[in-house]
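What follows is each chain in one-letter form.
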Amino acid sequence: MKKILITGANGLLGQKLVSLLSKQPDVFLLATARGDCRFSLPQAVTYQSLDITDVDACIKLFDEFQPDALIHAAAMTQVDACEDERALCDLINITGVSNLIKAIGDRNTHFVHISTDFVYKGDEAEYFEDSKVHPLSYYGTSKWKSEQLFKAVKFPYSILRTVLVYGVLEDLTRSNIVLWAKGALEKGQEIKVVDDQYRCPTLAEDLALACLQVVRKKATGVYHVSGKDFLSILEIVFQIADYWNLDKSLIKSIATSSLDQQAKRPPKTKLNLSKAKQDFNYQPKSFREGLVLVDRQIQNLKLQ
C-alpha cells in the first residue's frame, strides 16, 4: 500500500484528490486541512486537522503517518487578498511549505507541490518549464519563493504549475470562473469580463489525475499542468453562456486597466504541456468537455 497525505483537502483540488485517490485499491489516504472536514468523506479515507503553519504539528503528523507521498494542495490563492495581506500570504504559501519540508526530514517522501502560471510576466507567446520567471503580483512572488525552497532538498519532488482551476464541489459554496459566470447569468445579472487576459482553464479532475500520475511514475522536477484550450477570459465566459443557453447580452467586455484590482495579472499565460504529456501521459480535457462534466455533477448534486 502506498501511503499518501493530502493538505488542503477541503478545497476544490483537495476534494477531487480525495475522490480520486479513495478509489485506488493500493492507496492508503490521509486527508488533512485546517479545521473540520467540510465534505462527505469516503469510508476508506481518514481525515485529520492540520495547520501547516505549525511546524511542530507537521512534524508530529509525519512521524506518525510516515507518508510515501505528499500532495500539497493547501495555499492562499486569492490574488488580491495576497497583495493586501502579505504576512499571511507568506505564512501560508512559504512558511507552510518550509514546515512540510522540515517534517519530511530525511525521509524519501515524494513531495508534489502545486504552483501557478502567475510566476510568469505574461508577455511571451508560450511558456515552457524553464522560461524566465517574473511574477507581477505578491501571490505569484510567494509561489515562486515556495518553489525555491526545493533547491536544497534531498527527497524527490514535483512542482506542478497550473492555471485557472475550475470545477464543482458538493456544497457549491466555493466559486470559480465557471460557477461565478453561470450563477450570475442565471440570475440575469450583468457581468463585466476582461477581454485582454488569456488563460488555459484547468479542470480540477485533470489536475488531480496529474498529481496521481506524477506519484505513480515517480516523475520529478517542474511540470506545466493546465487545460488544453487557450482562451481569453471573455471567450471562456461566452462558452459558459453558450453551454447553458444563457443571455450573452449580459456579458460586457472591458479592459483589465478599467478594473480596480489590487494585484497585477499576467496578460497571457499559455503553458506548453509537452513535458507532462511525455513524462506521465497527461491528457487534459477541452474546456467544452470540462463543462459537460461540471454540468453532470451539478445535476447529480441536485438529485441528492
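For the structure, check the block above.
First, a word on what this report is: a plain description of the structure on this page.

Criteria and cut-off values
Residues numbered from 1 in each chain as written. Predicted model: local features only at pLDDT ≥ 70, side-chain atom pairs only at ≥ 80, totals over all residues. Heavy atoms only, no water. Buried < 20%, exposed > 50% of the residue type's maximum accessible area, 1.4 Å probe, protein only. Helix = DSSP H or I, 4+ residues; strand = E, 2+ residues; numbered from the N terminus. Pairing = 2+ DSSP bridges. 1 Å grid on protein atoms, 1.4 Å probe; cavity = no way out; pocket = protein on both sides within 12 Å on 5 of 7 lines; lining within 4 Å. Points joined across faces, edges and corners; volume = space filled by probe spheres on them. Nonpolar A, V, L, I, M, F, W, Y, C, P; charged D, E, K, R; others polar. Axes fitted to C-alpha atoms, helices over the stretch in contact; angles between N-to-C directions.

A word on the pairing of strand E5 (residues 110-116)
With 7 of 7 residues buried, E5 is to be regarded as a mostly interior element. Bridging between strand E4 (residues 69-72) and E5 involves 4 bridges; their strand directions are parallel. What sits directly across from Ile71, in E5, is Val112. Inspection of the sheet shows E5 paired to strand E6 (residues 157-162) by 6 bridges, in the parallel sense.

Some points on the layout of surface pockets
The space that makes up the second largest pocket amounts to roughly 510 Å³. Put simply, the parts of the chain that give the lining of the second largest pocket at least two residues each are helix H1 (12-21), helix H7 (204-217) and helix H10 (287-303). No other element matches H1, which puts 5 residues into the lining of the second largest pocket. The class makeup of the residues in the lining of the second largest pocket is 9 nonpolar, 6 polar and 6 charged.

Quick word on the sheet that holds strand E1 (residues 2-7)
Remark on secondary structure: sheet strands pair via backbone hydrogen bonds, oriented parallel or antiparallel. Pairing within the open sheet is parallel, and its 7 strands lie in the order E3-E2-E1-E4-E5-E6-E11. Edge strands, defined here as strands with exactly one partner in the open sheet, are strand E3 (46-49) and strand E11 (221-224). The sheet shows a mean angle of 20 degrees between the axes of neighbouring strands, direction not considered. Of the pairings in the sheet, the one linking strand E2 (residues 27-33) to E3 comprises 4 bridges and is parallel in character. Note on E3: the bridge partner recorded for Ala33 is Ser49.

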